[in-house]
Structures are given as C-alpha cells and as structure tokens.
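Per-entry structural report
Next come the chains, spelled out residue by residue.
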Amino acid sequence: MIFLITNLAATSRFLNLNLSYISDIIVPIFSYYLKEVIFMELWFSEFQSKNIKFSLKVNKVLSIEKSEYQTIAVYENEDMGRILALDNVIQLTTKDEFTYHEMIAHVPMFTHNAPEKVLIIGGGDGGTLREVLKHPVKHAHLVDIDRKVIETSKKFFPYISYSFEDPRVKVFIEDGIEFVKKNSGYDVIIIDSTDPIGPAVNLFSRDFYKDVFNALNKDGIMVAQTESPFLYADVIKRIYDDISSIYPYTNIYTSVVPTYPGAFWTFSMGSKMVDPLKKDITQTLDIETKYYTKSMHKACLDIPPFLKDMLSK
Ligand code: SAM
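None of the values given here were measured: they were computed from a predicted structure.

**Here we look at the overall build of the protein**
Scanning the protein from N- to C-terminus turns up 11 helices and 13 strands. Contacts in the protein between residues at least 24 apart in sequence constitute 66% of all its contacts with a sequence separation of at least 6.

So this is what it looks like as structure tokens:
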C-alpha cells in the first residue's frame, strides 16, 4: 500500500499534477495508522464518573479471572507498578497503595486507647491487615466475600499480602453484612470495601453501620473508606449523616490516593467513647510507615472548609 501511494505521488510529479497532498498528508496519516496496528498499545481505562475516564498503559496482563462475585484483573504499568482491578475499578497499585492502607488503619488504631481485637471487612488484598499488624493486637479477623481476591493477592502482590501468614490472623470467607450481625467484641472495625456497587452496596447503609456499632466494644471505633468529595459529595454526606445518627463522635479525615477517582480520598470514622479530636497521640507507639505520621494524624482530621461546608448542609 505504501508502495502504491509512493508510486502515485511519483507519477503525479512526472505528469506535473499537483497531488502533493498525497505525500504531505495521506502518507503520514497512513503510516501513523499502520504503526498503531503493528505496535498496538494496550490501555486499561476506568470510568471514574460518567464524564471522567482514567487510563493507564498496560505493559503486561498478568491475570484476568472471573470469580463468583467479580472480574479480578492484575496488570502492570511502567509508572504505577502492578495494578489490582475488580470489575474494572482500581483497588490498588503497588506505587501508591500505602497512602490508603496506612491511613485507613493507623488513624482509628491510634485513636483507640489499646486495640486488641480488630475486624477488617473486605480488604482481601491484605494491605490494611499488614498495617493493623504493626500494632500489638492479639486478634486480627478479616472477612472478605471473595476467596479469589485473597488468592490473587497472595500470588501477585506478596509485599501486600504477606500478613495473611501471621498467627494472629483469622480469615472468614463470607458476606461482611451477615458476619457483623452474629459476631462482636471488637475494639476497631475497618470497612475496606469495594465501592458502593455490586456486593458492597449494603456496606454503605445505615443498618450496616448500626450492626457494626453493636459488634464493637463499649469504647469501639469504626472507619469506612468513603470516596472523594470532588466526585461523590452526596455519598459522603449521606454516610456522614448516617454515622452521626448512631455514634457519639463522627469524623471525616482525608488522604491522597493518586489512582483513585478524585485522588483526594475520605474516610469516615465513628467512635463510641473517645473523641478523635481530643485524643493525645504524642505518646503512641513508633511504627514504620511511608505516609502516616503523628502530625499527619492531627492534620488529616482538620478537614478543609469546603468539606466542612458540604457536611453542614
Ligand atoms: N481499597 C480498596 C478500594 O477502596 O478500592 C478496597 C480493596 S479490597 C480488595 C475490597 C474487598 O471488598 C474485595 O476483596 C471484595 O471482595 C470485598 N467485598 C465486597 N463486598 C463485600 C461484602 N459484602 N462482604 C465482604 N467483603 C466484600
């Protein structure tokens, strides 16, 4: 084809016809498409909202598997490392996962005076579990509905999932909604779930937060990952109102997760006895972290005025 077009251009010159657009326009366009076909690029795209699409170039597809609940995929990207996606929604990348896992775990864990028994609902990748086990807990229970997420993480994300081997850990494969109705005695409950769609939809409901309240000890604390105010303000406001109607203390705090929709992420915390804003964390245990610090702990609870405004409406 290139040969044909070049020949056509040469013939037009010989006949003194002004067909220069063939070599100036058609050949470059054609070569571009030919290159695209031969060296095809693969991109992973997530619809972060109806109007925003976030894409990462895929170097390697490591695994795509359909479980009973969702499609579990593992990709590799040159900048962000390995990516875990469930139903095409990014759960973590190896480059930025710590900004999420450290903050969902250490803020409630250090707000509580001495957590011994902790429950994680969801969290099948093991990242939150890894952070919880940096504290001197006696029991760390994790309930995820999908065994295959845990298996995938063990296979492709060893740095994130190694904590499943810790003797303090007990894993339950069942629906977290049913689990909290029949289990109790927890100091901290962390809801590290997928977004409010599919099997996780009821993990964002008032009834569920009430069951979590009942599953907590008298000084218990719960936290849930609750999306970005830039894209899901209505969801955060609804959750904040629900938690406030049940728990004496309700706080929202923030972190930055570059690969999550909106990047500026919120966590919503309900506390039965300890006021998170008054808790002195200066004497808490020193643990190794890459994002969380004691001053970060204080700062993240001091939410910006636009978020305060949003919650007060
Ligand atoms: N940090 C992640 C995020 O916000 O994208 C969440 C990660 S973690 C992989 C989410 C887990 O929640 C998944 O493994 C999924 O199987 C689990 N999950 C969803 N609905 C659940 C339910 N009803 N009960 C227990 N686990 C659930």
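**Considerations on helix α9 (residues 233–244)**
Helix length check: α9, at 12 residues, gives a terminal C-alpha distance of 16 Å against a target of 16 Å (1.5 Å per residue), a fit within 8%. Of the positions making up α9, those classed as buried are I236, I239, Y240, D242 and I243. For α9, the angular spread of buried residues about the axis comes to 165°, placing them on one side. Seen from the buried face of α9, the exposed residues on the opposite side, beyond 90 degrees, are D234 and D241. Contact partners of the buried residues in α9: α8 (206–215), β11 (216–225), β12 (249–256), β13 (264–271) and α11 (305–312).

**Brief notes about the sheet that holds strand β5 (residues 81–86)**
Through backbone hydrogen bonds, the strands of a sheet pair up, either in parallel or in antiparallel fashion. Strand order in the open sheet made by the 4 strands is β3-β4-β5-β6, with antiparallel pairing throughout. Both outer strands of the open sheet, β3 (60–66) and β6 (89–93), are each paired with one neighbouring strand and no more. Taken over all neighbouring pairs, the strand axes of this sheet differ in orientation by 20° on average, direction set aside. Direction of pairing for β3 relative to strand β4 (residues 71–77): antiparallel, over a ladder of 6 bridges. Bridge assignment links K60 to a residue of β4, and that residue is E76. In the packing of helix α5 (residues 147–156) onto the sheet, contacts are made with β3, β4 and β5, and the angle to β4 comes to roughly 20°.

**A short note on the pairing of strand β2 (residues 53–58)**
In this sheet, β2 lies alongside strand β1 (residues 42–47) in antiparallel orientation, the contact comprising 6 bridges. Along β2, the bridge assignment pairs L42 with V58. Between β1 and the antiparallel strand that follows it, β2, lie 5 residues.

**Considering the sheet that holds β12**
Sheet architecture is open: 7 strands sit in the order β9-β8-β7-β10-β11-β13-β12, paired in mixed fashion. The strands lining the two open edges of the sheet, one partner per strand, are β9 (169–173) and β12. Across the sheet, the mean angle separating the axes of adjacent strands is 15° when strand polarity is ignored. Pairing between strand β7 (residues 117–122) and strand β8 (residues 139–144): 5 bridges, direction parallel. Across the sheet, the residue bridging to I121 is V143, located in β8. α9 rests against β11, β12 and β13 of the sheet, and its axis sits at about 10° to β13.

**Observations regarding the environment of W265**
Topologically, W265 is positioned in strand β13. Remark: the alpha-carbon pair of W265 and E227, spanning 38 residues in sequence, is separated by 5.6 Å. Apart from residues lying up to four places away in sequence, W265 is in contact with Y100, S228, T254, S255, V256, V257 and Y260.

**Remarks on the site of the ligand**
Among the 22 residues in the neighbourhood of the ligand, the closest are listed as G122, G124, D146, V149 and G176. Secondary structure elements with two or more residues in the shell around the ligand: β7, β8 and α7 (176–182).

**Some details on the nonpolar core**
One finds I189, M222 and V223 to be the most contacted residues of the largest nonpolar core, which totals 62 residues. At 6 residues, helix α3 (residues 97–111) tops the list of elements feeding residues into this core. Looking at this core, you find at least three residues from each of domain 2 (42–93) and domain 3 (97–312). Those residues in contact with M222, other than ones at most four positions away along the chain, are I189, I191, V212, L216, M269 and G270.

Criteria and cut-off values
- Residue positions within a chain follow its written sequence, with the count starting from 1.
- It should be noted that, the model being predicted, local features are given only for residues of pLDDT at least 70 and side-chain atom pairs only at 80 or more, the latter also being counted only at that level, while totals for whole chains, interfaces and linings use all residues.
- We count a stretch as a helix when DSSP gives it H or I for four or more residues in a row; a strand needs E for two or more, and each element gets its number in order from the N terminus.
- Remark: residues whose backbone-derived C-beta atoms lie within 7 Å of one another are considered to be in contact.
- Here a helix's expected span is defined as the number of its residues, less one, multiplied by 1.5 Å.
- A residue is called partly exposed when the number of other C-beta atoms within 10 Å of its own lies between 12 and 20, exposed at 12 or fewer, and buried at 20 or more, with C-beta atoms placed from the backbone.
- The directions from the helix axis to the C-beta atoms are what the arc is built from.
- In this description, strands pair whenever DSSP reports at least two bridges between them.
- Fitted lines through C-alpha atoms serve as axes, helices being fitted only where they are in contact, and the angles separating the N-to-C directions of these axes extend from 0 to 180 degrees.
- Proximity of a residue to a molecule or strand is defined by its backbone-placed C-beta atom lying within 6 Å of that partner.
- Here, a nonpolar core means buried Ala, Val, Leu, Ile, Met, Phe, Trp, Tyr and Cys residues linked by C-beta atoms lying within 7 Å of one another.
- As annotated, the domain borders come from an automatic or database domain assignment.

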